[in-house]
Amino acid sequence: MALASMTGFARAPGESGVVRWTWELRSVNGKSLDLRIRIPTGLEALEPKIRERCSKVLRRGNISIGLSMQRDQAENQLQVNEAALESVLSAIKLLETRIPNVAPPTLDGILAQKGVFELKEQEDDEAAQQSLHSALLTSLDAALIDLVDMRHSEGAAIGKVVHQQIDTIASLTQAAEDLPARQPEAIKARLKKMVEELLDASETKLDPQRLHQEAVFLATKADIREELDRLHAHVNAVRELLDTGGAIGRRLDFLAQEFNREANTLCSKSNDVDLTAIGLDLKAVIDQMREQIQNLE
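The rules behind these values
- Residues numbered from 1 in each chain as written.
- Predicted model: local features only at pLDDT ≥ 70, side-chain atom pairs only at ≥ 80, totals over all residues.
- Heavy atoms only, no water.
- Core = buried A, V, L, I, M, F, W, Y, C linked by side-chain atoms within 4.5 Å.
- Buried < 20%, exposed > 50% of the residue type's maximum accessible area, 1.4 Å probe, protein only.
- Helix = DSSP H or I, 4+ residues; strand = E, 2+ residues; numbered from the N terminus.
- Salt bridge = Lys/Arg side-chain N within 4 Å of Asp/Glu carboxyl O.
- Pairing = 2+ DSSP bridges.
- Axes fitted to C-alpha atoms, helices over the stretch in contact; angles between N-to-C directions.
- Right-handed = clockwise from strand over helix to strand, strands pointing away.
- Contact = heavy atoms within 4.5 Å.

(A) Structural view of the nonpolar core. Counting 31 residues, the largest nonpolar core has Ile169, Val238, Leu252, Phe259, Leu282 and Met289 as its most contacted members. Of all the secondary structure elements, the ones that give two or more residues to this core are helix H4 (126-177), helix H7 (225-244), helix H8 (249-269) and helix H9 (273-293). By size, the runner-up hydrophobic cluster in this structure holds 24 residues, among which are Leu43, Leu46, Ile50 and Leu132.

Here it is, written out as structure tokens:
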């Protein structure tokens with residue numbers, strides 16, 4: 001499965017009869033799938049179907065879905081408002097009884113009264129409405145295909161960057177593994193020197209048994225074998241996830257946190273300048289990788 005970014009945009013126009021419309025879809029990063037739908041009044045019945053279609057192809061991201069529509073005004077009908085006409089005629093009769101010999105009103109005068117004529121939009125029958133809904137959803141599907149394609153394209157680019165970063169982490173981990181300062185002879189010599197300096201500086205005689213225990217404790221504390229093993233394991237896990245693809249953003253983000261934890265521990269245990277430098281380089285690359293991973297679905 002391909003990797004997908006959570007960032008994308010798509011637009012899809014369409015028309016059916018006298019109605020024209022445009023879908024606009026915008027996608028940004030999000031912890032889960034959050035759909036924000038804006039559609040014209042009267043189309044509320046479409047919202048569950050819109051959510052269903054989006055949920056089938058998207059797993060994460062804040063998705064804004066907008067629909068703008070226009071209807072051909074030529075289809076509007078001019079018709080007489082019966083209630084308004086009756087009110088005008090009743091007023092004319094009342095005036096005739098109160099003002100004798102008044103000239104009768106003309107038809108033009110009656111029809112010119114406000115509200116007698118009104119422009120009414122043609123109402124679609126049920127079949128026409130169903131046809132419009134079907135065309136709108138087909139157009140939405142086209143917009144979703146474009147959005148998914150864009151997210152996959154950006155996801156592929158992010159995947160290449162993460163591959164390079166995980167290779168760097170693997171190289172730095174191996175460099176820490178191969179440091180001369182980590183060899184048993186080097187560790188033994190360093191501890192021996194520390195003990196000798198401690199004995200020379202002490203004004204009182206130290207208990208050899210206690211001194212031996214402290215030396216063992218220091219050696220154990222300075223050992224980074226477990227951290228290196230976990231770093232190697234995390235590298236393999238990330239590579240497997242990248243090869244698998246799909247919605248792996250959350251799992252990669254968890255592994256990035258684990259990487260950071262091991263790098264911090266490595267730095268805290270370090271008693272060698274070169275190892276500290278490697279630990280700091282690891283932290284820098286891990287932070288960069290996590291920024292990229294947080295864009296993945």
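(B) Expanded view of the pattern of salt bridges. For the coordinates displayed, the defined rule picks out 16 salt bridges. Put simply, Asp253 and Arg290 hold a salt bridge, and the shortest N to O gap is 3.1 Å. Taken together, the residues span a long stretch of sequence, with Asp253 in helix H8 and Arg290 in helix H9 at a distance of 37 residues. Where Glu258 meets Arg261, a salt bridge forms, and the shortest distance between an N and an O atom there is 2.4 Å. Here Glu258 and its partner Arg261 are both found in helix H8, three residues apart, which amounts to about one turn of the helix. For Arg261, a relative accessible area of 44% gives the class partly exposed. The network of salt bridges with shared partners includes Glu226, Glu227, Arg230, Glu262 and Lys269.

(C) Inspection of the sheet that holds strand S2 (residues 19-28) at higher detail. Strand order across the open sheet formed by four strands is S1-S2-S4-S3, with mixed pairing between neighbours. Every other strand in the sheet has two partners, leaving strand S1 (8-16) and strand S3 (33-38) as the edge strands with one partner each. Neighbour-to-neighbour, the strand axes of this sheet turn through a mean angle of 15°, independent of strand direction.

(D) Main features of the pairing of S3. In terms of strand pairing, S3 meets strand S4 (residues 61-71) through six bridges, oriented parallel. Each residue of the ladder has a partner; that of Leu33, found in S4, is Gly61. One crossover worth recording links S3 to the parallel S4 by way of helix H1 (residues 47-57), and it is left-handed.

(E) Quick look at the environment of Leu25. Counting through the fold element by element, Leu25 comes out in strand S2. Overall, the relative accessible area of 0% leaves Leu25 in the buried class. Apart from the residues lying within four places of it in its own chain, the contact partners of Leu25 are Gly8, Phe9, Ala10, Ser64, Ile65, Leu140, Ala143, Leu144 and Leu147.

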